[in-house]
Amino acid sequence: MAENQFTGRGQQENRWHSEPGKNLTFSVLLKPSFLGVLNQFDLTRAISLGVFDALQPTLGDQLKIKWPNDIYYGDRKLGGMLIENIVQGGQIKNAIIGIGLNVNQENFDAGASNAVSVKQILQRDYDLRILLLEICNHIEAYYLNLKAGKVDFVRNEYLKRLYWLNENKSFKTQSHVFEGKITNVKDNGLLVVTVGDKETAYNLKEIEFLNKPGIN
């Protein structure tokens, strides 16, 4: 756990800025050798669910998991994570999970215009170490479910908590802006967006969420 973080990284080389002593920035080392490399997104599901379940009793129904692994409150980003897997012989030997969560910070850089913190939502400080313990406990519970072979349970729980699930929303690909609905996440982690009766699966670099229709 870091009290201060200078070069936090997120998905697609995004930077994570954290005010000293105000937030949770920590890493977890796991050894999920029971997971094959083709199922590595199940680990992403389990970690995302662990963070979500630690926060949901306090923050309520506006909390969602934005695919693949951001934590959102309404349309604002509360936290995110980066998972780096070390693979050996088709199995995941080690997984380093870096998690950043906005807890007691109230002011954010202009580049983080959609950021929100637990304090901004609750209007009070939140104990960092209690929250860290809750997150680790919930991560452990989902991790043990994976280890016990309860993969379908983890996948279903992840899908139920997904941001924009079955809602008509705007998306952007390299070629165009369109409206569709998130209807599923494939076993390998690809996002399924349905337009009419056509389903298309996207990876992280192929699709962007647009909060307002027609934004380029």
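K.L.:
I keep staring at the sheet that holds strand S10 (residues 191-195) and nothing clicks. Help me out?
P.N.:
Pairing between sheet strands relies on hydrogen bonds along the backbone, with the strands arranged either parallel or antiparallel. Pairing is antiparallel across the open sheet formed by 5 strands, whose spatial order is S11-S10-S9-S8-S12. Lying at the two open borders of the sheet, with one neighbouring strand each, are strand S11 (198-202) and strand S12 (208-210). This sheet shows a mean twist of 50 degrees between the axes of neighbouring strands, independent of strand direction. With 5 bridges connecting them, S10 and S11 associate as antiparallel partners. If you follow Leu191 over to S11, its bridge partner there is Tyr202.

K.L.:
Even after reading the chapter, I still don't get the pairing of strand S3 (residues 24-30), so can you show me in this structure?
P.N.:
Each regular strand shows side chains that alternate between the opposite faces of the sheet. The buried count for S3 comes to 5 of 7 residues, which makes it a mostly enclosed element. Sheet topology places S3 next to strand S7 (residues 91-101); 7 bridges connect them, and they run antiparallel. Paired with Ser27 across the bridge in S7 is Gly98.

K.L.:
What is the right way to look at the sheet that holds S3 in this model?
P.N.:
Spatial ordering of the open sheet is given by S3-S7-S6-S5-S4, a layout of 5 strands whose pairing is antiparallel. On the outer flanks of this sheet lie S3 and strand S4 (63-66), each paired with one strand and no other. Taken over all neighbouring pairs, the strand axes of this sheet differ in orientation by 20 degrees on average, direction set aside. As paired strands, strand S5 (residues 70-73) and strand S6 (residues 76-88) are joined by 3 bridges and run antiparallel to one another. Paired with Tyr72 across the bridge in S6 is Lys77. Running over the sheet, helix H3 (residues 128-147) touches S3 and S7 and is turned about 30 degrees from S3.

The rules behind each value
Residues numbered from 1 in each chain as written. Predicted model: local features only at pLDDT ≥ 70, side-chain atom pairs only at ≥ 80, totals over all residues. Heavy atoms only, no water. Pairing = 2+ DSSP bridges. Helix = DSSP H or I, 4+ residues; strand = E, 2+ residues; numbered from the N terminus. Axes fitted to C-alpha atoms, helices over the stretch in contact; angles between N-to-C directions. Buried < 20%, exposed > 50% of the residue type's maximum accessible area, 1.4 Å probe, protein only. Contact = heavy atoms within 4.5 Å.

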